[in-house]
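# Understanding the architecture of this molecule
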Amino acid sequence: MDGSWTASIDDTSSFMNYHPHGDGGVGAQWTSTGWQPWFSDSGGFISSGGVDGTGTSQHITAFPGASLDFQFYGTGVTLYGTANCSYDVSIDGASSSFMAKSGSQLFTQDELPAQMHSVSLTAHASNTSMFAFDRADISRPLLSGSQPPTSLVYRAINATNVQYTGSWKIEEDPNHQIPSKADPAPFYEVDSAPASLSFAFQGVGVAINGSRNWGSYTYDVTLNGVTSNYNASTMWLIGDALLFYSDGLDSQATHTVNITPKVGGGYKFWLNTITILTNGSTGGILSNSSTSSTSSLTTGAPTAGATSPPASGSSKHTNVGAIVGGIIGGIAALVLIGGLLAWRCLRRRRATAFPRNPESSPFILPPVSGDSQTTAPAMRAAGAGNASHPHGEKGASKLAVNQGRAVRPPESATTASVSTSGAHVAATATTGSVVSGQAGSASSPSTSPPPGLVSAEPTTPSGITDSASDPDPNTLDRLIQVITAHIERAQPPPEYAE
């Protein structure tokens, strides 16, 4: 082998699954119920919906047992963040436990089989010992004589071989924040159902980028017949997030992708680019004539489906069974509705342990006003500063490989649909795991902690007492709060509410 190829998956990517939630709503209090995004250059925790997330980002939690998980193809994985508490990391079911530690590297595992792996992390956090997750670096070997994958980046609005079904529209952000302030560009938006997009390609991997915004919701991605569900709901505006990523595919086979977003009723889906990773000069999105797809591009409402055939004849006989069944079904429905109403009234009388966010979820976009977006007040800890993120500006692609920073390929009057320069995924062969950074630099991961997080020494974490000592009253109160919250929570966190 001639080295490895490493991809960095940012904490803002919906590729990561956070539990109990990955974004509770406005304010810092949601760290007590799950994970909450934090941006160093946007005031820390969000203060109003739709603020552009810039600077260093991390997902922070004070919730005991908060977890995250994801799957990847490769032979190695390294997790980065800040741990002021103990935590567990599991790879394919094999778990390891760690105490609070200094430094940004939380976990690393190499020499795994070249196949799909499942990763999960559980933080034993509290209000006095918080945990922050920054990113995951995943790597796979490069075989002897092989080159790193070539990145073919297709703008969504110019990818003529992508089949769009539904009312997709080309839009531009009036505040020039999509995909980033440094390089704004048009994008595709759809806000009414049904809607989908599909394409076929040849290559070893695929990455799909779009905006996560106040108004996003869930979407399904089907790759070669296997469907996965993702949640793009967030209070922030993340101009160019990694929505989907898969690697380790057969370069000679034809692969199919279908994306079906949940849209309508205020929910929207935004698409920026599609990146195909290929070995050499062959591969990419295939033309319609070279695939067996029967999908067609639709710019308006889809055609109505076929109606049921009429009955073959009328009958004058009374169907006693149908009448009796209808009566019984009606009574059962009334009993069920009455029970649900009684249960709901009872639940409303109970007090919850944590404040609830008044915003409906997912976070529906409010009417557009003439006012500019509000910037959250500064919430950085003293000395935290405005450290630049190791992956560059957050408006850049959330999938970066080695030291190549995602740069939007320039438009071309003749071949605007694909570019191999400045791609979302750039790589060079390396003998080690090289993390992403600014183009032409080799910056190390930022160690400046967000508010409430300090560099912890690898000793007993704060908030955890020795078994021989008296229990901390604050810890007992916190445990009672957590138990009460689990029992009396009237509804799931906003991100996951139906």
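Here the residue numbers are simple positions, counted from 1 along each chain's written sequence. Residue-level local features of this predicted model are given only where pLDDT is at least 70; pairs of side-chain atoms are given and counted only at 80 or more, and the full residue set underlies all totals for whole chains, interfaces and linings. For side-chain calculations, the full set of non-hydrogen atoms in the structure is used, while hydrogens and water are omitted.

For the rest of this paragraph, the subject is the pattern of salt bridges. By definition here, a salt bridge exists when the distance from a side-chain nitrogen of Lys or Arg to a carboxyl oxygen of Asp or Glu is within 4 Å. Under the counting rule described, the total for this entry stands at 7 salt bridges. As a salt-bridge pair, Arg-140 and Asp-247 come within 2.6 Å of each other at their nearest N and O atoms. In this pair, Arg-140 is assigned in strand S11 (residues 131–141) and Asp-247 in the loop between strand S20 (238–246) and strand S21 (255–261), connecting sequence segments 107 residues apart. Considered together, Arg-140 and Asp-247 belong to a single accessibility category, that of buried residues. A salt bridge links Lys-169 to Asp-191; its shortest N-O distance comes to 3.2 Å. One end of the pair, Lys-169, is in strand S14 (residues 169–171); the other, Asp-191, is in the loop between strand S15 (187–190) and strand S16 (196–202), with 22 residues separating them in the sequence. Each helix is a run of H or I in the DSSP string that is no shorter than four residues. Each strand is a run of E no shorter than two, and both are numbered from the N terminus. Each residue's exposure class comes from its accessible area (1.4 Å probe, protein chains only) as a fraction of the maximum for that residue type: buried when under 20%, exposed when over 50%, partly exposed otherwise.

With that out of the way, let us pick up the side chain of Gln-36. For Gln-36, the position within the fold is in strand S3 (residues 35–39). Polar contacts, as used here, are pairs of N or O atoms within 3.5 Å; protein pairs need one atom able to donate a hydrogen and one able to accept it. Residues neighboring in sequence count only if both atoms are side-chain atoms. Polar side-chain contacts of Gln-36 include one of 2.9 Å to the backbone nitrogen of Gly-24. Here a residue-residue contact requires only that any non-hydrogen atoms of the pair lie within 4.5 Å. Among all residues touching Gln-36, those that are not within four sequence positions of it are Gly-22, Asp-23, Gly-24, Gly-25, Gly-27, Trp-30, Thr-31, Phe-45, Gln-58, His-59 and Ile-60.

Now for the sheet that holds strand S12 (residues 150–155). Here, a strand pair is defined by DSSP locating no fewer than two bridges between the strands. A sheet is described by the order of its strands in space; here 4 strands give the open sequence S12-S23-S17-S20, paired in antiparallel fashion. In this open sheet, the two edge strands, each paired with only one partner strand, are S12 and S20. Across the sheet, the mean angle separating the axes of adjacent strands is 20° when strand polarity is ignored. Judged from the 6 bridges that link them, S12 and strand S23 (residues 273–278) form a sheet pairing that is antiparallel. Among the inter-strand pairings, Thr-150 is bridged to a residue of S23, identified as Thr-278. Interaxial angles span 0 to 180 degrees and are taken between N-to-C directions of axes, which are lines fitted to C-alpha atoms, for helices over the stretch in contact.

The 3 strands lie next to each other as S14-S15-S22, forming an open sheet whose pairing is antiparallel. On the outer flanks of this sheet lie S14 and strand S22 (269–271), each paired with one strand and no other. Adjacent strand axes in the sheet meet at a mean angle of 35° when their direction is disregarded. Bridging between S14 and S15 involves 3 bridges; their strand directions are antiparallel. Among the inter-strand pairings, Ile-170 is bridged to a residue of S15, identified as Tyr-188.

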